[in-house]
Amino acid sequence: RLHHAAPLHSEMLAKISCLALVGSAAAFTAPTMPLRSGASTMQMSAQGNAVKVAAAGAALLVAAPAFAADSGAGEKIFTANCAACHAGGKNSVVPDHTLEKDAIEKFLTGGFNEKAVATQVTNGKGAMPAFGGRLSDEDIANVAAYVIESSEEGW
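Procedures and definitions
- Residues numbered from 1 in each chain as written.
- Predicted model: local features only at pLDDT ≥ 70, side-chain atom pairs only at ≥ 80, totals over all residues.
- Heavy atoms only, no water.
- Phe/Tyr/Trp six-rings, centres within 6.5 Å; stacked < 30°, edge-to-face > 60°.
- Helix = DSSP H or I, 4+ residues; strand = E, 2+ residues; numbered from the N terminus.
- Buried < 20%, exposed > 50% of the residue type's maximum accessible area, 1.4 Å probe, protein only.
- Lys NZ or Arg CZ within 6 Å of the ring centre and 35° of its normal.
- Axes fitted to C-alpha atoms, helices over the stretch in contact; angles between N-to-C directions.
- Parallel < 35°, antiparallel > 145°, perpendicular 65-115°, else oblique.
- Left-handed = near helix turned anticlockwise from the far one by under 90°.
- Contact = heavy atoms within 4.5 Å.
- Nonpolar A, V, L, I, M, F, W, Y, C, P; charged D, E, K, R; others polar.
- Core = buried A, V, L, I, M, F, W, Y, C linked by side-chain atoms within 4.5 Å.

Asker: What should I look at first to understand the packing of aromatic side chains in this one?
Answerer: Here a ring pair, both rings aromatic, is described through the centre-centre distance and the interplanar angle of the planes. Counted by the stated rule, this structure contains three aromatic pairs. Here Phe-78 and Tyr-146 contribute two aromatic rings whose centre-to-centre distance is 5.2 Å and whose plane-to-plane angle is 55 degrees, an arrangement assigned as tilted. Of this pair, Phe-78 sits in helix 3 (residues 71–81) while Tyr-146 sits in helix 7 (residues 137–152); the two residues are 68 residues apart in sequence, bridging distant segments of the chain. Residue Tyr-146 is classed as buried on the basis of its relative accessible area of 9%. Ring plane angle 90 degrees and centroid distance 5.6 Å describe the contact between Tyr-146 and Trp-155, whose orientation is recorded as edge-to-face. Exposure remark for Trp-155: the relative accessible area of 28% places this residue in the partly exposed category. Through a chain of ring-to-ring contacts, the aromatic side chains of Phe-78, Tyr-146 and Trp-155 assemble into a single cluster. The ring of Phe-131 has Arg-134 sitting right over it, with the charged end atom 4.7 Å from the ring centre.

Dropping the structure here:
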């Protein structure tokens, strides 16, 4: 089961891509009116800013993760690393802090979303250990996708 990237993440990437394309086009467009003494600085400054926008957008695209979280892979990682305390979405240490949707909404810092789950898995909190040094970022994203998907389905 492939879980697609969060809508907010996809929307942000689309906006950055648009800015990068517009900035690139503006940077390489020839001036449409003759440059005068006072205007040349302004025209060149606008093109310079467009280049900066294009470069910033491209840098953000390269820095963004290029994978969509895979909840099927996340299930395997969850079973191997999380199920001892969280089998079936339960919590054997703090019983009311389950992985059910209403409990996640109530107790998880950041709310019911993959990013908040990934942060919890990475950093740990309270009795839960941090897995940031044990699992890769991709593995953690996959576990987060699995937890949110399973929670939405009622475990």
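That was the structure; now back to the text.
Asker: What should I look at first to understand the environment of Glu-75 in this one?
Answerer: Take Glu-75: it is sitting in helix 3. C-alpha separation for the pair Glu-75 and Val-143, spaced 68 residues apart in sequence, amounts to 6.5 Å.

Asker: Mind showing me how you'd approach the packing of helix 6 (residues 114–123) against helix 7 here?
Answerer: Packed helices, taken two at a time, are described by their axes: the angle between them and the distance between them. At a minimum axis separation of 8 Å, helix 6 and helix 7 run at an interaxial angle of 125 degrees. When the axis of helix 6 is compared with that of helix 7, the two are oblique. The handedness of the crossing between helix 6 and helix 7 comes out as right-handed. Contacts between helix 6 and helix 7 involve Glu-114, Val-117, Ala-118, Val-121 and Thr-122 from the former and Ile-140, Val-143, Ala-144, Ala-145, Val-147 and Ile-148 from the latter. Residue classes in the contact of helix 6 with helix 7 are distributed as nine nonpolar, one polar and one charged.

Asker: Teacher, can you tell me more about the nonpolar core here?
Answerer: Side chains that are nonpolar tend, in soluble globular proteins, to be buried together. Core analysis: the biggest nonpolar cluster contains 19 residues, and Phe-78, Ile-104, Val-117, Val-121, Val-143 and Val-147 have the highest contact counts within it. Elements represented by at least two residues in this core include exactly helix 3, helix 6 and helix 7. Top contributing element to this core by residue count: helix 7, with six residues. Excluding anything up to four places from it in sequence, Ile-104 contacts Thr-98, Leu-99, Gly-111, Phe-112, Val-147 and Ser-151.

Asker: What is the right way to look at the packing of helix 3 against helix 7 in this model?
Answerer: Look at helix 3 against helix 7: their axes get within 7 Å of each other, and the N-to-C directions meet at 100 degrees. Here helix 3 is positioned roughly perpendicular relative to helix 7, judged by the angle of their axes. Across the interface between the two elements, Ser-71, Ala-73, Gly-74, Glu-75, Ile-77 and Phe-78 from helix 3 touch Asp-139, Asn-142, Val-143, Ala-145, Tyr-146, Val-147 and Glu-149 from helix 7.

Asker: Please clarify how the environment of Glu-100 should be interpreted in this entry.
Answerer: Mapping Glu-100 onto the fold places it in the loop between helix 4 (83–86) and helix 5 (101–107). Classification of Glu-100 by relative accessible area gives partly exposed; the value is 30%. Through-space distance from the C-alpha of Glu-100 to that of Trp-155 is 7.5 Å; in sequence the pair is 55 residues apart. Beyond its immediate sequence surroundings of up to four residues, Glu-100 is in contact with Gly-89, Lys-90, Ser-151 and Trp-155.

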